[in-house]
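Residue-level structural notes
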Amino acid sequence: MVQEFKDFIAEGNVVMLAVGFIMGVAFQGVVNSLVEHVIMPIVAIPFGQPDFGSLTLTINDSEILYGAFITAVVVFLLTALAVFLFIVKPYNVFAERRAKDEDPEESGPTEIELLTQIRDNLARRGS
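A brief look at the structure comes next.

1. Digging into the overall build of the chain
Across its full length, the chain carries four helices and two strands. In the chain, the succession of helices and strands from N to C terminus is α-α-β-β-α-α. Here the C-alpha atoms of the chain give a radius of gyration of 29 Å, more than 25% beyond the 14 Å that 2.2 N^0.38 yields for 127 residues. Dimensions of the chain, computed from the C-alpha atoms along their principal axes, are close to 100 × 55 × 30 Å. Burial analysis of the chain (127 residues in total) assigns 9% to the buried set. When the accessible surface of the chain is totalled, it reaches about 10800 Å², and 66% of it is carbon and sulfur. Side chains of the chain carry 8 positive and 16 negative charges; the gap between the two charge centres is 16 Å.

Put into structure tokens, the structure is as follows:
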């Protein structure tokens, strides 16, 4: 059982998954910095402050921090937008170009056309 576990851990897929996870955690810092230090100050231009945390509602000595929730939603949406624009979109463009380069060009007859020609040639020989 120990050897089987060692084999499982040593497989490339598990190692690549671990590397991907570590890189994702490291990249999270970059995306968070982009959102907090670049995008949120731009959001602050029309609203006057990048943080809505000061918005509260008090009911019966209970303070509801709905501004913190709004800030979290805005940060989430901006993070998703940043990941889409800077990772997903370029990756999709790269993948489309790569797929286009790998597709063989249709320079000759199709498989059905070749089979039809073979059939016709065999029919002529048999006649």
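2. With respect to the side chain of Thr71
Here Thr71 is to be found in helix 3 (residues 66-102). Apart from residues lying up to four places away in sequence, Thr71 is in contact with Asp51, Phe52 and Gly53.

3. Describing the pattern of salt bridges
All told, the structure shown has one salt bridge when counted by the stated rule. Between Arg119 and Asp120 there is a salt bridge; the shortest N-O distance is 3.1 Å. The exposure class assigned to Asp120 is partly exposed, which follows from its relative accessible area of 30%.

4. Points about a nonpolar patch on the surface
Taken together, the side chains of Leu55, Leu57, Ile59, Ile64, Tyr66, Phe69, Ile70, Val73, Phe76 and Leu77 make up a nonpolar region of the molecular surface, amounting to roughly 900 Å² of accessible area. For the nonpolar patch, the elements supplying multiple residues, two or more each, are strand 1 (57-59) and helix 3. If one sorts the elements of the nonpolar patch by residue count, helix 3 sits on top with six residues. Position of Leu57 among the secondary structure elements: in strand 1.

5. A few points about helix 4 (residues 111-126)
Relative to the 22 Å expected for 16 residues at 1.5 Å per residue, helix 4 spans 23 Å between its end C-alpha atoms, a close match to the ideal helical length. The element helix 4 is largely exposed, with a buried count of zero among its 16 residues.

6. Structural notes on the side chain of Thr79
Here Thr79 lies in helix 3. Setting aside anything within four residues of it in sequence, one finds Thr79 in contact with Val31 and Val35.

Cut-off values and rules
Residues numbered from 1 in each chain as written. Predicted model: local features only at pLDDT ≥ 70, side-chain atom pairs only at ≥ 80, totals over all residues. Heavy atoms only, no water. Helix = DSSP H or I, 4+ residues; strand = E, 2+ residues; numbered from the N terminus. Rg over C-alpha atoms; globule rule 2.2 N^0.38 Å. Buried < 20%, exposed > 50% of the residue type's maximum accessible area, 1.4 Å probe, protein only. Areas by Shrake-Rupley, 256 points an atom, 1.4 Å probe, with all protein chains shown as cover. Lys, Arg positive; Asp, Glu negative; His and termini not counted. Charge placed at Lys NZ, Arg CZ, Asp CG, Glu CD. Contact = heavy atoms within 4.5 Å. Salt bridge = Lys/Arg side-chain N within 4 Å of Asp/Glu carboxyl O. Patch = residues over 30% accessible without salt bridge, like charges linked within 9 Å, V, L, I, M, F, W, Y side chains within 5 Å. Expected span 1.5 Å × (residues − 1).

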